[in-house]
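Geometric and topological summary
Listed here are the chains, written in short residue letters.
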Amino acid sequence: MNHAELVSIARGMVAPGKGILAADESTGTIKKRFDGIQLESTEATRQLYREMLFSAPGIADAISGVIMYDETLRQKTRAGVPFPQHLASLGIIPGIKVDQGAKPLANFPGETVTEGLDGLRERLKEYHGLGARFAKWRAVIDIGEGYPTRFGIEANAHALARYAALCQEQGIVPIVEPEVLMDGDHSIEDCEAVTDEVLCETFRQLAGHRVHLEGIVLKPNMVISGKKNTARATPEQVAEATVRCLRRWVSAAVPGIAFLSGGQSTTEATLHLSLMNREPLPWKLTFSYGRALQDSALKAWGGKADKFEAGQREFMRRARLNGLAAKGAYTPDMETKA
Ligand code: 13P
């Protein structure tokens, strides 16, 4: 393993004013997204949708890296260039989701543990050969009656750290993603308490597994009220609680933190990121959004050939606004001007 190379990839992933496009929806998840625009999910429509995003004019101005799913990593542009090579030629770092999903944790009702460690070393070798330079593994922590338990948090953090160590061994930067879900009606205080425990345990396990912190990117949730909470915290409160929590647990050795959007609206996700970036921080703070970057572009496209460019324009509008947010320079009035 070459540390310097890992560090340089990780820094590239959080380059100033840029963030990561999470386009790693599994075949099941992308079908749900396509159902929303009444588009059949086939290998061809999935290819076309990803090509629309990856070839949006100006994409490299705001996007540093793209997370793909196994199928997408092996697909090509219509001109015949494999997606990873197409992205790399634009200066965008290709990435790959390597976890195999959150599965029920036996004996712990309401909790899951993420699977995918068996055979991971061999899969990483193959993905590196196909051009991937970073990977993603998502642990999912839900908040409910009696959970998460200490055991559930430890099991997930342990798997994340084993994955991260294997990635670095293979010259791949791990995105370490412990997601505390914003489903449910919990308060922002409950979210902060759980996120505190999850981040503390995640970094304990990363240290135990001798993971080189300079060569990872953390992908956390923001500290935020549950979607069904009736007294939801304000954007300023979300920004303040999130930065406070991250400062407590995330070593300054970590080059960057790239948030998931987790079901926030597109504009909320952008505003929260910008508010956090108004103060000097020990790490780069940017986005690794899926839904918050894609939802409006998917609608603008609608699966229609004559709306291909309209979809690209909408995707770039969100990408640029989030790029500004990564520098603390976004304001909501830009939504109507842009
Ligand atoms: P969302 O931004 O839609 O939460 O997706 C990001 C992601 O990669 C979740 O694993």
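Before going into details, it helps to say that this report is about the structure given with it. (Residues numbered from 1 in each chain as written. Predicted model: local features only at pLDDT ≥ 70, side-chain atom pairs only at ≥ 80, totals over all residues. Heavy atoms only, no water.)

1. Things to note about the sheet that holds strand β10 (residues 284-289)
Spatial ordering of the closed barrel is given by β1-β2-β3-β6-β7-β8-β9-β10, a layout of eight strands whose pairing is parallel. Where strand β9 (residues 256-259) lies against β10, four bridges are found, and the strand directions are parallel. Within β10, the position partnered with Ala258 by the bridge is Thr286. The sheet strands contacting helix α1 (residues 3-13) are β1 (19-23), β2 (63-68), β3 (93-97), β6 (134-141), β7 (173-180) and β8 (217-218), and the helix crosses β7 at an angle near 50 degrees. (Pairing = 2+ DSSP bridges. Helix = DSSP H or I, 4+ residues; strand = E, 2+ residues; numbered from the N terminus. Contact = heavy atoms within 4.5 Å. Axes fitted to C-alpha atoms, helices over the stretch in contact; angles between N-to-C directions.)

2. A word on empty space enclosed by the protein
For the structure on display, the rule yields three cavities of 30 Å³ or more. Size it by volume and the largest cavity reaches roughly 70 Å³. In terms of lining residues, the largest cavity is bounded by 13 residues, among which Val180, Met182, Asn221, Met222 and Ile224 are the most central. A class-by-class count of the residues in the lining of the largest cavity yields seven nonpolar, five polar and one charged. (1 Å grid on protein atoms, 1.4 Å probe; cavity = no way out; pocket = protein on both sides within 12 Å on 5 of 7 lines; lining within 4 Å. Points joined across faces, edges and corners; volume = space filled by probe spheres on them. Nonpolar A, V, L, I, M, F, W, Y, C, P; charged D, E, K, R; others polar.)

3. With respect to helix α10 (residues 266-276)
The buried fraction of α10 amounts to nine of the 11 residues, a majority that puts the element mostly inside the structure. Looking at α10, one finds that the buried residues are Thr266, Ala269, Thr270, Leu271, His272, Leu273, Ser274, Leu275 and Met276. For α10, the elements touching its buried residues are α9 (235-249), β9, β10, α11 (291-301) and α12 (308-325). (Buried < 20%, exposed > 50% of the residue type's maximum accessible area, 1.4 Å probe, protein only.)

4. Brief notes about the site of the ligand
Around the ligand there are 13 residues in total, and Lys136, Lys219, Ser261, Gly262 and Arg291 lie nearest to it. Between Gly262 and the ligand, the recorded distance is 2.7 Å, taken from a backbone N or O atom to an oxygen atom. One nitrogen or oxygen atom from the main chain of Gly290 is found 2.8 Å from an oxygen atom belonging to the ligand. Burial of the ligand by the protein chains amounts to 91% of its free accessible area of 300 Å². Spatially, the ligand is embedded in the largest pocket. Elements with a contribution of two residues or more to the shell around the ligand: β6 and β10. Considering only residue class, the shell around the ligand consists of three nonpolar, four polar and six charged. (Near = heavy atom within 4 Å. Polar contact = N/O pair within 3.5 Å; in protein donor to acceptor, adjacent residues only side chain to side chain. Areas by Shrake-Rupley, 256 points an atom, 1.4 Å probe, with all protein chains shown as cover. Sits in = over half its atoms within 2 Å of the grid points.)

5. Describing the packing of helix α3 (residues 43-54) against α11
Between α3 and α11, the least distance of the axes is 12 Å, while the angle of their chain directions is 115 degrees. When the interaxial angle is binned, α3 and α11 end up roughly perpendicular. Read as a crossing pair, α3 and α11 show a hand that is right-handed. Contacts from Thr45, Leu48, Tyr49, Met52 and Leu53 in α3 reach Gln294, Ala297, Leu298 and Trp301 in α11. (Parallel < 35°, antiparallel > 145°, perpendicular 65-115°, else oblique. Left-handed = near helix turned anticlockwise from the far one by under 90°.)

6. Let's talk about the layout of surface pockets
The volume enclosed by the largest pocket comes to roughly 670 Å³. Lining the largest pocket are 31 residues, and of these Asp24, Thr29, Lys97, Lys136 and Arg138 lie nearest its centre. Going through the elements one at a time, α2 (27-35), α6 (120-129), β6, β7 and β10 are the ones with two or more residues in the lining of the largest pocket.

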